[in-house]
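# Residue-level structural notes
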Amino acid sequence: MISILLIGLDNAGKSTLISHAKSLPANGMFEITPTMGFAIEEIAMPSGNKGIIYDCSGAARYRNMWDHFIGEIQGVIYVIDSADRARLSIVKKNIEEFFKHPLLKKKPIVFLANKQDSPDALRKEDIKRILRIEKKSLSNPFSVKEAISATGMGLNNSLSFIENNLQTKFEYHLKPL
Ligand SMILES: Nc1nc2c(ncn2[C@@H]2O[C@H](COP(=O)(O)OP(=O)(O)O)[C@@H](O)[C@H]2O)c(=O)[nH]1
Ligand SMILES: [Mg+2]
């Protein structure tokens, strides 16, 4: 089993993205509670392993909530609305603060330049530059990918990147289901 945090500002396209994942039948353990600002989905990873996705609002008021499971998660998918240029400065601040978290150290991160179907979308090179996503400012394994949540494009690549860059594969295989 692998746990992934799906995060980003509201309206970035997180929930739409995960709706394209191969869902596993819910086992009744999890309740989706929209009022709490997050949802939990069980999905099949590209490898066939089970994945637990925490679909979380990036809003500051939910920050306390991440602390409950940030230690458990093994990778992060950070979704960005590439067409929402006005909010990129907020995204930048959000990223800088969020990835300082000590419990995220060394965990793989995928930055998704989402909504590439939109005529206003910035390409991943622009997103990288504007948000200063670069090796010298981030010690985690990371990748910036283009995506279209609306079609699911970019989802499998992102999940694979996380599986291929897990902190310790050994620990991952030993984790109980
Ligand atoms: N053009 C375009 N719109 C998208 C895409 N993904 C999501 N949206 C739209 O963006 C809005 C927010 O999507 P949602 O998944 O709810 O965002 P969340 O708040 O991050 O979960 C919705 O109106 C979606 O239809 C995409 O790839 N392209
Ligand atoms: Mg959502």
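Residues numbered from 1 in each chain as written. Chains lettered and ligands numbered in written order. Predicted model: local features only at pLDDT ≥ 70, side-chain atom pairs only at ≥ 80, totals over all residues.

### Observations regarding the pairing of strand β5 (residues 109-114)
- Among the six residues of β5, six are classified as buried, and the element is accordingly described as predominantly covered.
- Where burial is concerned, the two faces of β5 agree: the one with Ile-109, Phe-111 and Ala-113 and the one with Val-110, Leu-112 and Asn-114 are both buried.
- The sheet contact formed by strand β4 (residues 75-81) and β5 spans six bridges and is parallel. Across the sheet, Val-76 pairs through a bridge with Ile-109, a residue of β5.
- In this fold, the crossover linking β4 to β5 by way of helix α3 (residues 88-98) has right-handed handedness.
- Pairing analysis gives five bridges linking β5 to strand β6 (residues 142-146), with the strands arranged parallel. Across the sheet, Leu-112 pairs through a bridge with Lys-145, a residue of β6. (Buried ≥ 20, exposed ≤ 12 C-beta atoms within 10 Å, placed from the backbone. Helix = DSSP H or I, 4+ residues; strand = E, 2+ residues; numbered from the N terminus. Pairing = 2+ DSSP bridges. Right-handed = clockwise from strand over helix to strand, strands pointing away.)

### Examining helix α4 (residues 124-131)
- The set of residues buried in α4 consists of Lys-124, Ile-127 and Leu-131. Viewed end-on, α4 has its buried residues packed into an arc of 60°, placing them on one side of the element. Away from the buried face of α4 by more than 90 degrees, exposed residues Glu-125 and Arg-129 are located.
- Where α4 is buried, its residues touch β4, α3, β5 and β6.
- Phi for Arg-132, located one or two positions after α4, is positive at around 50°. (Arc of directions from axis to C-beta. Contact = placed C-beta atoms within 7 Å.)

### Some details on the UniProt feature "binding site: Mg(2+)" (unreviewed entry) in the chain
- Using the residue numbers shown here, the UniProt feature "binding site: Mg(2+)" (unreviewed entry) corresponds to Ser-15 and Thr-35.
- Mapped onto the elements of the fold, Ser-15 is located in helix α1 (residues 14-18).
- With 17 C-beta atoms packed within 10 Å, Ser-15 lands in the partly exposed category. (UniProt positions renumbered as here; feature names shortened; annotations may be inferred.)

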